[in-house]
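# A look at the structure
The primary structure of each chain is shown beneath.
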Amino acid sequence: MTFKHSSVSLIIQSVLLAVTPLTGLLLWLLESPPMLFYLLGALYIFQVGRLIYTVRKTNRELAKFIQSFGFGDTTIHFSTRDKDASFQDLFRAFNQVVEAFRQLKLDKEKEYLFFENALKKLGVAIIVVNEHGNVMMTNDALLQLLDFKYIHRLDKLNTLKPGLADELMQLQPHQQHLVELMVNNRLLQIALTSVLMKQETKVLRLIAFQDIRSEIEQKELESWQKLIRVLTHEVINSLSPVNLISAGLKQRFENNTQPLVMEVDEQQEIMEALDAMHNRSKGLTQFVESYRSMTGLKSVQTTHCNIQQLLSRIQTLFAASATDANCVISIECPTNLSYNIDEKLIEQVLINLVKNGLEALNKADSNMAMVAKMNGRNLQLSVRDNGKGIPHDEINKVCVPFYTTRQGGNGIGLALSRQVMRLHGGQLKVDSKEGQGTVVSLLFGV
C-alpha cells in the first residue's frame, strides 16, 4: 500500500518516544545504574532528532512536489532508491502523479497543436485576438490575403482601413459585417464574422475574413445579363414596328416625284401609322420611366403603423375588383397589431401583391387572404391566393426587373417590392405551387 513504510516508521518512532520516558521512570524506581539513564537519554535524543529529520524531509519533498505543479514542471523526478525505505513509497507515488500530469499536459499540447495546425492550413483567413487587441494567432490564409508577414497587434490592420481594429473588436458574435479593403491596389470585399471563446480566465475573439468579391462579381454579372436580356427584348419589341412603319412611309414619299396629293383614305392610313409610332415610342418612354422609378428609391421613412387598419384599407380598395373576380378577400391579423414601417411604400407593395393575386385567379371559388403575424419581435405580412400559381422554373425570375409573363405587364411590381423590403432591412419571399396558389411574404427584420 502507498505510504505503508512511511506510516509504519512514524508509528514505531511515536511508540518509542512514548515508551522511552516510561522506561526511564521504571529504571529510576528500580535504582538502576546511572549508565543506563545516560544510554536511555541518548536514545531519546536520537529518536527526537530522527522524527524532526523525517518531518523536515517530508515537508521539503512535499514543497518541492507542489512547487513543480505550480510552475508546470513535469520533468521533476523523485528517486525511489532512497536509503530510508519509509520515503520510497512516497516518492513512487509522487512520480506517478507527475507522470499523469505530464501525460495530461502532453495530450493538451497535442490537442492545441492539432487545432492550431488545422486553423493555419484552413482556406478561410482567421485571426485570434485577446480583449486587449493582442494577436494570439493568425493563419497563412490571412497573411496572404492581407499581404502581411506577421501581425502582433490588431491595430496594424488600421493601415488597410482607418478604424478597422475597433470595428473588429466591436463585431458581435455570429454577426456578418462587410468591409472593403485596398491591398496592393486590389479592392477586396471582405465578409467578417466573429466568435468569442474562453480560455481559462481569458476571453479570445476569433475573426474570420472571407473575400467574397468574386462571388459578388459573379452575381452582378448574372444580374446584368438578365437585365440586358430583358431590356434588349423590350426595346427591340418597341422599335421593330416603328422601323417598319417609318420605312414604309419613307418609301412611299420617295417614290413620288410629283407633289404628293393624298386621298382621304391615304391620309387616314398615314395618320394611323404615325399614331402607332407615337404610341410605341410613348410605351418605350413609360418603360424607361419605370426603370428610373426603381433606381430612384433610396430610403424609407418609418412611422408607427396600425397594421390592421392598413390591411382594412387595402381590402376596401379592392372590394369592387374582388366582387368582379368572384373572390373573397379576408384579413387575418391580431387586434391592434402595430409596427414601424414606411406606411406609404408598404401600402403600395400590398396593392401590387393583391392586384397580382386577383389577376392570377381563375376559379369560381377563388379566395385571397392578407395575413399579419409576429415572428418573435419581427413582423411578417403575407398575401395568399388559390390561383393558378407560378411554374417552378419561373419562381427565381419573378423578382427580376421587367420580367413578366402577363400580357401588358411591365415586370416592375415585385422587383420594386423587393427593393422596398431591402430598405426596411427585410426580404420578400415567394412560395408557389402551380395549380394550387401563391404566397408572397414580406419578412421584416431578417
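As recorded in an unreviewed UniProt entry, the protein chain goes by the name histidine kinase, listed as coming from Carboxylicivirga mesophila. Under the UniProt heading Catalytic activity (unreviewed entry), the entry covering the protein chain gives this text: "ATP + protein L-histidine = ADP + protein N-phospho-L-histidine."

### Notes on the environment of H304
Inspection of the secondary structure assignment puts H304 in strand β6 (residues 303-306). Placed 37 residues apart in sequence, H304 and I341 show a C-alpha to C-alpha distance of 6.7 Å. Dropping the residues within four chain positions of it, H304 is found in contact with S338, Y339 and N340. A polar contact of 3.0 Å, which involves the side chain of H304, links it to the side chain of S338. A polar atom in the side chain of H304 sits 3.2 Å from the side chain of N340.

### Some remarks on the sheet that holds strand β11 (residues 427-433)
On the basis of which strands lie adjacent, the open sheet formed by five strands has the order β7-β9-β10-β12-β11 and mixed pairing. Of all the strands in the sheet, just β7 (327-332) and β11 have a single pairing partner and so form its edges. Direction aside, neighbouring strands of the sheet carry axes that sit 15° apart on average. Pairing analysis gives seven bridges linking β11 to strand β12 (residues 437-443), with the strands arranged antiparallel. Bridging from a neighbouring strand, K433 pairs with G437 of β12. Against the sheet, helix α10 (residues 343-359) touches β7, β9 (366-375), β10 (378-385) and β12, its axis set at about 25° to β10.

### A few points about helix α8 (residues 307-317)
Along α8, the residues that are buried comprise I307, L310, L311 and I314. Buried residues of α8 fall within an arc of 95° about the axis and therefore sit on the same side. Seen from the open side of α8, the exposed residues pointing more than 90 degrees away from its buried face are Q309 and T316. Against the buried residues of α8 lie β6, β7, β8 (338-341), α10, β9 and β10. Capping the start of α8, N306 holds a side-chain oxygen 3.1 Å from the backbone nitrogen of Q308, two or three residues further along.

### Considerations on the side chain of N386
Among the secondary structure elements, N386 is positioned in the loop between β10 and α11 (413-423). From its side chain, N386 meets the backbone nitrogen of N367 in a polar contact 3.0 Å long.

### Describing the packing of α8 against α10
Orientation of α8 relative to α10, taken along the N-to-C sense of each, is 40°, at an axis distance of 10 Å. Here α8 lies oblique to α10, going by the angle between them. For the element pair α8 and α10, the recorded crossing hand is right-handed. Counting all contacts with α8, which are made through L310, L311, R313, I314 and L317, the residues of α10 involved are E343, I346, E347, L350, I351 and V354. Here the residues of the contact of α8 with α10 sort into eight nonpolar, no polar and three charged.

### Describing the packing of aromatic side chains
The final tally for this structure, using the stated rule, is one aromatic pair. On the numbers, 5.8 Å between centres and 55° between planes, the contact of Y339 with F444 is tilted. On the criterion of sequence distance, the pair formed by Y339 in strand β8 and F444 in the segment after β12 is long-range, its members being 105 residues apart. The exposure classification of Y339 matches that of F444, with both residues buried. Against the face of Y150 rests K156, its NZ or CZ located 4.3 Å from the ring centre.

### A closer look at the environment of Y339
The class for Y339 is buried, based on a relative accessible area of 16%. With 36 residues separating them in the primary sequence, Y339 and T303 have C-alpha atoms 8.0 Å apart. Not counting residues within four places of it along the chain, the set of residues in contact with Y339 comprises T303, H304, C305, I307, M374, R377, N378, L379 and F444.

### Brief notes about the pattern of salt bridges
As enumerated under the stated definition, the model contains seven salt bridges in all. Across the pair D155 and R153 runs a salt bridge, and its minimum N-O distance is 3.2 Å. By relative accessible area, which is 42% here, D155 ends up partly exposed. Put simply, K355 and E359 hold a salt bridge, and the shortest N to O gap is 3.0 Å. You can see K355 and its partner E359 sitting in helix α10, four residues apart, about one turn around the helix. The network of salt bridges with common partners includes R313, E343 and E347.

Conventions adopted
- Residues numbered from 1 in each chain as written.
- Predicted model: local features only at pLDDT ≥ 70, side-chain atom pairs only at ≥ 80, totals over all residues.
- Heavy atoms only, no water.
- UniProt positions renumbered as here; feature names shortened; annotations may be inferred.
- Helix = DSSP H or I, 4+ residues; strand = E, 2+ residues; numbered from the N terminus.
- Contact = heavy atoms within 4.5 Å.
- Polar contact = N/O pair within 3.5 Å; in protein donor to acceptor, adjacent residues only side chain to side chain.
- Pairing = 2+ DSSP bridges.
- Axes fitted to C-alpha atoms, helices over the stretch in contact; angles between N-to-C directions.
- Buried < 20%, exposed > 50% of the residue type's maximum accessible area, 1.4 Å probe, protein only.
- Arc of directions from axis to C-beta.
- Parallel < 35°, antiparallel > 145°, perpendicular 65-115°, else oblique.
- Left-handed = near helix turned anticlockwise from the far one by under 90°.
- Nonpolar A, V, L, I, M, F, W, Y, C, P; charged D, E, K, R; others polar.
- Phe/Tyr/Trp six-rings, centres within 6.5 Å; stacked < 30°, edge-to-face > 60°.
- Lys NZ or Arg CZ within 6 Å of the ring centre and 35° of its normal.
- Salt bridge = Lys/Arg side-chain N within 4 Å of Asp/Glu carboxyl O.

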